[in-house]
Amino acid sequence: MNGMDEKNPKVQNIFKEKEHYTYEDFLEIIARLRGKDGCPWDRQQTHESLRTCMLEEAYEAVDAINEKDDENLKEELGDVMLQVVMHAQIASEEGRFDMSDIIDDVAKKMIRRHPHIFGSPKAVEAGAVPARWEDIKKQEKHETSVYEGICRVPKALPANMRAQKILKKAAAAGFAPLDVSGLEKRVENDFESLKKAADFGDVQQTEQRLGVLLFDLMNLSRFLGVNAENSLTNVIEKFINRLGSVENRVNTDDSGISELPPELFGALWDLQ
């Protein structure tokens, strides 16, 4: 990518409007943006400066999936790929690795982690694939303890997603509550401890007790087989929709919030 001849007419031709651009065209475009006399903003980006962009683009792609919006999903996946290619280009300029290395690594990984397809073919149930994947991953990473595996869970994940992933790994190794009732009792005790800390006015203890309560709730959701992230997201959307209804009522009646019937506000917070 770095060896591109900017004066070569064949190379310059890809930057003109085309009916259809290829993957190779895209790599050249990013190299040009990062090259001499390229875009000032693109040239100054680093792996570190693009961290937030990577997270935001991934979440926007997930939003498009949730909305079943193919046109938006196509655009957002392109933005995710832009982030990948930008990081590859930056690394290539530093002589560390390039896009071909990334593709080579992930292709080899997919072959290694699917021995039932690329090795000695044998029938495997879909539900067994994730466990096999994790076993092979442990071998690749030379993990010898549960602790090592848990330490590999990305710290950049949202806290509740990270908690569920860590708790799942711990449970797979036998570190899990024995039953739901025990967890439910823990949650009740956590809430009482939180109330006491809040009533006492101890901010540090209140924060700690709230964290313990949330962590045990994540554990309970895992034990119940419920995705906590999806659960909270659904309730947030329900709240937003109801808030919009209340606001529309205020605007329609021109009565002001204070004059709305109490049951309307009750419905806003009744998110069952």
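Anything mentioned here points back to the structure above.
So, a few notes on the structure that sits alongside this text. (Residues numbered from 1 in each chain as written. Predicted model: local features only at pLDDT ≥ 70, side-chain atom pairs only at ≥ 80, totals over all residues. Heavy atoms only, no water.)

### A closer look at helix H10 (residues 159–172)
Here is step 1 of the chain: Taking 1.5 Å per residue as the helical rise, H10 with its 14 residues ought to reach 20 Å, and the 20 Å between its terminal C-alpha atoms agrees with that figure.
Here is step 2 of the chain: Among the residues trailing H10, Gly 174 stands out with phi positive, at a value near 100°. (Helix = DSSP H or I, 4+ residues; strand = E, 2+ residues; numbered from the N terminus. Expected span 1.5 Å × (residues − 1).)

### Regarding the nonpolar core
Here is step 1 of the chain: Residues Leu 27, Ile 30, Leu 50, Val 85, Met 86, Ala 88, Ile 90 and Met 99 constitute the largest nonpolar core, which totals eight residues.
Here is step 2 of the chain: Of all the secondary-structure elements, those providing two or more residues to this core are helix H2 (23–34) and helix H5 (70–93).
Here is step 3 of the chain: The dominant element in this core, judged by the number of residues it contributes, is H5, at four residues.
Here is step 4 of the chain: Ranked by size, the runner-up nonpolar core spans five residues in total, among them Leu 183, Val 187, Leu 194 and Leu 220. (Core = buried A, V, L, I, M, F, W, Y, C linked by side-chain atoms within 4.5 Å. Buried < 20%, exposed > 50% of the residue type's maximum accessible area, 1.4 Å probe, protein only.)

### Here's the deal with the packing of H2 against H5
Here is step 1 of the chain: It is at 10 Å that the axes of H2 and H5 come closest, and there the two elements cross at 60°. Here H2 is positioned oblique relative to H5, judged by the angle of their axes. In this structure, H2 crosses over H5, and the sense of that crossing is right-handed. Counted together, Phe 26, Leu 27, Ile 30, Ala 31 and Arg 34 of H2 and Met 81, Leu 82, Val 85, Met 86, Gln 89, Ile 90 and Glu 93 of H5 form the full contact between these two elements.
Here is step 2 of the chain: By residue class, the composition of the contact of H2 with H5 is nine nonpolar, one polar and two charged. (Axes fitted to C-alpha atoms, helices over the stretch in contact; angles between N-to-C directions. Parallel < 35°, antiparallel > 145°, perpendicular 65-115°, else oblique. Left-handed = near helix turned anticlockwise from the far one by under 90°. Contact = heavy atoms within 4.5 Å. Nonpolar A, V, L, I, M, F, W, Y, C, P; charged D, E, K, R; others polar.)

### Things to note about the packing of helix H4 (residues 51–66) against H5
Here is step 1 of the chain: Direction vectors running N to C along H4 and H5 enclose 160°, while the axes themselves pass 8 Å from each other. For the element pair H4 / H5, the angle class is roughly antiparallel. Relative to H5, the crossing made by H4 is left-handed. From H4, Cys 53, Met 54, Glu 57, Ala 58, Glu 60, Ala 61, Ala 64 and Ile 65 reach across to H5, where they touch Asn 72, Leu 73, Glu 76, Leu 77, Asp 79, Val 80, Gln 83, Val 84 and His 87.
Here is step 2 of the chain: Broken down by class, the residue content of the contact of H4 with H5 amounts to ten nonpolar, three polar and four charged.

### Remarks on helix H11 (residues 180–200)
Here is step 1 of the chain: A rise of 1.5 Å per residue sets the reference length of H11, with its 21 residues, at 30 Å; its end C-alpha atoms lie 30 Å apart and thus fit the reference within 8%.
Here is step 2 of the chain: By the burial criterion, the buried members of H11 are Leu 183, Val 187, Asp 190, Leu 194 and Ala 197. Along H11, the residues classed as buried sweep out an arc of 90° about the axis, all on the same side. Exposed and oriented more than 90 degrees from the buried face of H11 are Lys 196, Asp 199 and Phe 200.
Here is step 3 of the chain: Buried positions along H11 lie against helix H12 (203–223).
Here is step 4 of the chain: Just downstream of H11, Gly 201 is the residue with a positive phi angle, here 80°. (Arc of directions from axis to C-beta.)

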